[in-house]
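In case you want the letters, here they are:
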Amino acid sequence: PYSNSPILTIPPLIFLAGNYNVTLTVQSSLSGASGSTVCRLTVRQSPKPAPRVSILSTSNKYNPDQIVILTGTVASNRSNGFVNATWISSLGSYMLSKVSLTATSTVLQFGQSSFQLALSISSLTGGLSFSFSLQTAYILPAGSGVSMATVVVAVNAPPFAGILTVLPSSGYSLVTVFSFSTYQWTDDITDYPLQYILGYYVAEPVGLSVVKSLDAVSFTNSYVSPGLSSRGRVVTCVALAQDVFGSTANTSASITVQFSTTMDASNFQSTVQAATDIALAG
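Residues numbered from 1 in each chain as written. Predicted model: local features only at pLDDT ≥ 70, side-chain atom pairs only at ≥ 80, totals over all residues. Heavy atoms only, no water.

A. Broad picture of the overall build of the protein chain. Helix and strand counts for the protein chain come out as two helices and 18 strands. When the 282 residues of the protein chain are sorted by exposure, 31% land in the buried category. Excluding contacts between residues fewer than 6 apart, the proportion of contacts in the protein chain whose partners are at least 24 apart in sequence is 59%. (Helix = DSSP H or I, 4+ residues; strand = E, 2+ residues; numbered from the N terminus. Buried < 20%, exposed > 50% of the residue type's maximum accessible area, 1.4 Å probe, protein only. Contact = heavy atoms within 4.5 Å.)

This is the structure:
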């Protein structure tokens with residue numbers, strides 16, 4: 001339209017969403033000379049109203065034997081702002097409903113609300129990552145915008161592929177000093193450093209005798225109790241590896257330890273000296 005004003009005001013609802021070329025033509029009232037320029041106008045669709053949503057996870061990485069708890073926070077700023085909230089996951093809706101200890105969908109009222117998702121122990125496979133999203137939308141009016149927040153949950157896997165060597169492979173109690181060493185453990189780079197426990201048992205694992213408590217050292221020297229005659233004097237030695245998230249794995253090796261019935265003076269002196277060396281080293 002023709003105007004003497006340098007400003008053109010366009011009321012709402014004139015343009016649909018899209019791109020437009022707007023041409024400005026200026027003409028001299030004296031000489032009739034004119035010139036023009038073009039500017040590009042982009043009209044965007046008005047954003048649909050949607051709640052604000054965020055998710056807080058209690059850990060960056062979970063062990064499979066932990067309950068996973070995710071807390072969603074939903075903020076509605078409308079007086080009639082009832083909100084549909086639904087948890088969705090890369091697990092799929094069916095599996096999520098099977099492993100969830102809490103409801104996966106609900107209706108939230110006006111204001112700020114929390115909506116938690118808790119997953120049962122051992123429901124997620126170690127060594128993998130899973131995405132969880134909280135999707136929200138106003139119930140009214142129909143066609144309101146959808147908002148979503150997503151978090152990725154990493155599930156820890158224990159160390160693996162470790163080896164335990166115990167030398168010599170046979171000996172006598174209170175005479176032979178056995179050398180324990182564990183190595184070649186592998187884990188995710190974020191799970192280091194590893195720590196180790198070394199020990200042995202003569203009957204059942206519940207009777208484990210610890211010869212080196214949990215720390216970063218992977219070797220030690222120790223005497224070992226004799227094995228049971230019913231088991232051929234075989235003693236099972238164990239190495240346990242633990243990562244920074246507390247996930248553990250173990251490996252074992254067998255040795256034969258005979259009961260020492262005799263010990264002469266020289267053996268007794270060397271035994272005392274070896275025991276002293278072990279005590280000072282540990």
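Once the structure has been displayed, the description carries forward.
B. Representation of the nonpolar core in the model. In terms of nonpolar packing, the biggest core is built from 23 residues, with Leu70, Leu119, Leu124 and Phe132 touching the most fellow members. Looking at this core, the elements with two or more residues in it are β5 (68–76), β6 (83–89), α1 (93–99), β8 (111–119), β9 (129–138) and β10 (146–155). Not counting residues within four places of it along the chain, the set of residues in contact with Leu119 comprises Ile67, Val68, Leu96, Val99, Ser100, Leu101, Leu124 and Phe132. With 13 residues, the next largest nonpolar core counts Leu164, Val166, Leu198 and Val257 among its residues. (Core = buried A, V, L, I, M, F, W, Y, C linked by side-chain atoms within 4.5 Å.)

C. How the structure looks around the pairing of strand β14 (residues 195–201). Taken across its seven residues, β14 has five buried, putting it largely inside the fold. Pairing of β14 with strand β17 (residues 234–242) involves seven bridges; the strand directions are antiparallel. Counted as the bridge partner of Tyr196 is Ala241 from β17. With four bridges connecting them, β14 and strand β15 (residues 209–215) associate as antiparallel partners. Across the sheet, Tyr200 pairs through a bridge with Ser209, a residue of β15. (Pairing = 2+ DSSP bridges.)

D. Local environment of the packing of aromatic side chains. With the rule as written, the count across this model stands at one aromatic pair. Ring centres of Trp87 and Phe115 lie 6.1 Å apart, and the angle between their planes is 45°; on these two criteria the pair is classed as tilted. In this pair, Trp87 sits in strand β6 while Phe115 sits in strand β8, placing the two residues 28 residues apart along the sequence. (Phe/Tyr/Trp six-rings, centres within 6.5 Å; stacked < 30°, edge-to-face > 60°.)

E. Highlighting a nonpolar patch on the surface. Taken together, the side chains of Leu8, Ile10, Ile14 and Phe15 make up a nonpolar region of the molecular surface, amounting to roughly 360 Å² of accessible area. Judged by its relative accessible area of 55%, Leu8 is exposed. (Patch = residues over 30% accessible without salt bridge, like charges linked within 9 Å, V, L, I, M, F, W, Y side chains within 5 Å. Areas by Shrake-Rupley, 256 points an atom, 1.4 Å probe, with all protein chains shown as cover. Salt bridge = Lys/Arg side-chain N within 4 Å of Asp/Glu carboxyl O.)

F. Spatial organisation of the sheet that holds β5. Taken together, the three strands give an open sheet; going across it, the order is β3-β5-β8, and neighbouring strands pair in antiparallel fashion. In this open sheet, the two strands that pair with only one neighbour each are β3 (52–57) and β8. Between one strand axis and the next, the sheet turns by 20° as a mean value, whatever way the strands run. Sheet analysis places β3 next to β5, joined by six bridges and oriented antiparallel. Residue Val53 lies in a different strand from β5, and its bridge partner there is Val74. (Axes fitted to C-alpha atoms, helices over the stretch in contact; angles between N-to-C directions.)

G. Spatial organisation of the side chain of Ser173. Mapping Ser173 onto the fold places it in the loop between β12 (170–172) and β13 (178–183). From its side chain, Ser173 meets the backbone nitrogen of Ser260 in a polar contact 3.4 Å long. Once residues lying within four places of it in the same chain are set aside, the contact partners of Ser173 are Val224, Ser225, Pro226, Val257, Gln258, Phe259 and Ser260. (Polar contact = N/O pair within 3.5 Å; in protein donor to acceptor, adjacent residues only side chain to side chain.)

H. Focus on the environment of Ala253. With respect to the secondary-structure elements, Ala253 resides in strand β18 (residues 248–258). Take Ala253: its relative accessible area is 16%, and that puts it in the buried class. As a C-alpha pair, Ala253 and Val166 span 87 residues in sequence and 7.1 Å in three-dimensional space. Residue contacts for Ala253: discarding those within four places in its chain leaves Leu164, Val235, Thr236 and Cys237.

I. Examining the sheet that holds strand β16 (residues 219–222) more closely. Read from one edge to the other, the open sheet built from three strands follows the order β11-β13-β16, with strand pairing classed as antiparallel. On the outer flanks of this sheet lie β11 (163–167) and β16, each paired with one strand and no other. Adjacent strand axes in the sheet meet at a mean angle of 15° when their direction is disregarded. As defined by bridge partners, β11 adjoins β13 across five bridges and the pair is classed as antiparallel. Directly across from Thr165, in β13, lies its bridge partner Ser181.

J. Quick look at the environment of Val26. Its place among the elements puts Val26 in strand β1 (residues 18–27). Distance in space between the C-alpha atoms of Val26 and Ser36 is 6.1 Å, their sequence separation being 10 residues. Those residues in contact with Val26 that lie beyond four places of it in its chain are Ala33, Ser34 and Gly35.

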